[in-house]
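# Structure at a glance
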Amino acid sequence: MSVSTNLHIRTWPELRAALTLIKPITWFPPMWAYLCGAISSGGAVLDNWALVLVGIILAGPVVCGMSQAANDWCDRHVDAINEPDRPIPSGRIPGRWGLWIALAMTGLSLILGSFLGPWGFGATVVGVLAAWAYSAEPIRLKRSGWWGPGLVGLCYEGLPWFTGAAILSAGAPSGPIILIALLYALGAHGIMTLNDFKALEGDRQMGVHSLPVKLGPERAARVACWVMALPQIAVIALLFTWQKPIFALIITASVIAQGAAMRVLLRNPKDKAPWYNGTGVMLYVLGMMVAAFALRGMA
């Protein structure tokens, strides 16, 4: 392992490293999903802008940021192999500061969630527990290539969508909203599998049984593509059933474009996974917003 000697010198974390630790780039999916949920509820989003804003901040910078800090702390030995320049193994966040940051943000998550009523607070508790269950021993669901990405997909897409809809409607979301949120959460399993490609070597050495480790890059990429595509096809079918053909056709066009990107991905999965995360995934999340507006019309 390559760990910087700064680990034995620095006593306070670098501010820039602390921001890197909570990974702002990862905040977008749950923030977007929360907004999708708020829109799909049919509630007055602009009239309730404060609730929407607090929920977006909670879903992204706070809960997602906390989960990233917890994951980096629990993964510090793996990161020393895969990415030794990351904040904890490089020593820019020394000692137990990574753990303390994660715990402080856990407390902040629960405090902020309490301002969103029983639905918001309950969802926050679920999200916090899921974040620690994913990363921390003895549960560490990250070790499983099936359970780990499934849990992350549920918490990144399904739970924020459900929460945004529940808060704006001041009650349990409708069946169609829950079903669409669940389908997009299931599809996000494939996105999380592609994200595991960057840690392939370290996961193999540290006994993390991600799908790229278990199945190999080529088979794992094919599984990820099917897992992303099939739930979207189900969303399209449901929208046609619910007499929302225009929305269904827009998502169909998105899936066709994703299929073209998937063909590029499958030619060289290990090298093209980051590229797909910047192209195909964007089409995926745009489809989520289209579905949210379709559901709004049904409310």
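Here is a short report on the structure shown in this document. (Residues numbered from 1 in each chain as written. Predicted model: local features only at pLDDT ≥ 70, side-chain atom pairs only at ≥ 80, totals over all residues. Heavy atoms only, no water.)

### Concerning the overall build of the chain
The condition is simple: Per the convention used, a helix needs a DSSP run of H or I reaching at least four residues, while a strand needs a run of E reaching at least two, with both numbered from the N terminus. Computation of the radius of gyration draws on C-alpha atoms alone. For the globule rule, the value is 2.2 Å times the number of residues to the power 0.38. Summary of the burial criterion: residues with accessible area below 20% of their type's maximum are buried, those above 50% are exposed, and those between are partly exposed, where the area comes from a 1.4 Å probe applied to protein chains only. Contacts are assigned to residue pairs with any non-hydrogen atoms lying within 4.5 Å of each other. Accessible surface is estimated by sampling points in the Shrake-Rupley manner with a 1.4 Å probe; for residues, cover comes only from the protein chains shown. This count recognises Lys and Arg as positive and Asp and Glu as negative, with His and chain-terminal groups excluded. To locate a charge, take atom NZ for lysine, CZ for arginine, CG for aspartate or CD for glutamate.
For the chain, the helix and strand inventory stands at 13 helices and zero strands. Secondary structure elements of the chain occur, N-terminal to C-terminal, as α-α-α-α-α-α-α-α-α-α-α-α-α. Expected size for 299 residues packed as a compact globule is a radius of gyration near 19 Å; at 19 Å, the chain falls within 12% of this value. Principal-axis analysis of the C-alpha atoms gives the chain an extent of 65 × 45 × 30 Å. Burial analysis of the chain (299 residues in total) assigns 54% to the buried set. Sequence separation of at least 24 residues holds for 74% of the intrachain contacts in the chain that already meet a minimum separation of 6. For the chain, the accessible area works out to roughly 13,600 Å², and carbon and sulfur atoms hold 70% of it. In the chain, which carries 21 positive and 14 negative side-chain charges, the distance between the mean positions of the two groups comes to 4 Å.

### Some remarks on helix α7 (residues 147-169)
Residues lying three or four places apart along an α-helix face the same way, a consequence of the helix completing one turn every 3.6 residues. To keep things clear, this is the line we draw: Working rule for helices: expected span equals 1.5 Å times residues minus one. The angle between axes fitted to the seven-residue stretch ending at a residue and the seven-residue stretch beginning at it gives the bend at that residue.
The end-to-end C-alpha distance of α7 is 31 Å, a good match for the 33 Å that 23 residues give at a rise of 1.5 Å each. Of all the bends found along α7, the most pronounced is centred on Cys 155 and spans about 35°. Counting buried residues in α7 gives 18 out of 23 residues, a clear majority hidden from the surface. Just downstream of α7 lies Ala 170, where phi reads positive at about 55°.

### Let's talk about the state of the cysteines
Note the following rule: Any two cysteine sulfur atoms lying within 2.5 Å of each other are counted as a disulfide.
Evaluated as defined, the whole model comprises zero disulfides. Summary of cysteine pairing: Cys 64 is not part of a disulfide, and the nearest cysteine sulfur, belonging to Cys 155, is at 10 Å. Residue Cys 64 is classed as buried on the basis of its relative accessible area of 3%. No disulfide involves Cys 74; its sulfur sits 15 Å from that of Cys 155, the nearest cysteine.

### Details of the pattern of salt bridges
Note the following rule: When a carboxyl oxygen of Asp or Glu is within 4 Å of a side-chain nitrogen of Lys or Arg, the pair counts as a salt bridge.
Within this structure, the stated rule accounts for eight salt bridges. Salt-bridge contacts for Lys 23 lead to Asp 72; the nearest nitrogen and oxygen are separated by 2.6 Å. Of the two residues, Lys 23 sits in the loop between α1 (15-21) and α2 (28-40) while Asp 72 sits in helix α3 (residues 49-74), which places them 49 residues apart along the sequence. Taken individually, Lys 23 and Asp 72 each receive the classification buried, so the pair is uniform in this respect. For the salt bridge of Asp 72 with Arg 86, the shortest nitrogen-to-oxygen distance reads 2.9 Å.

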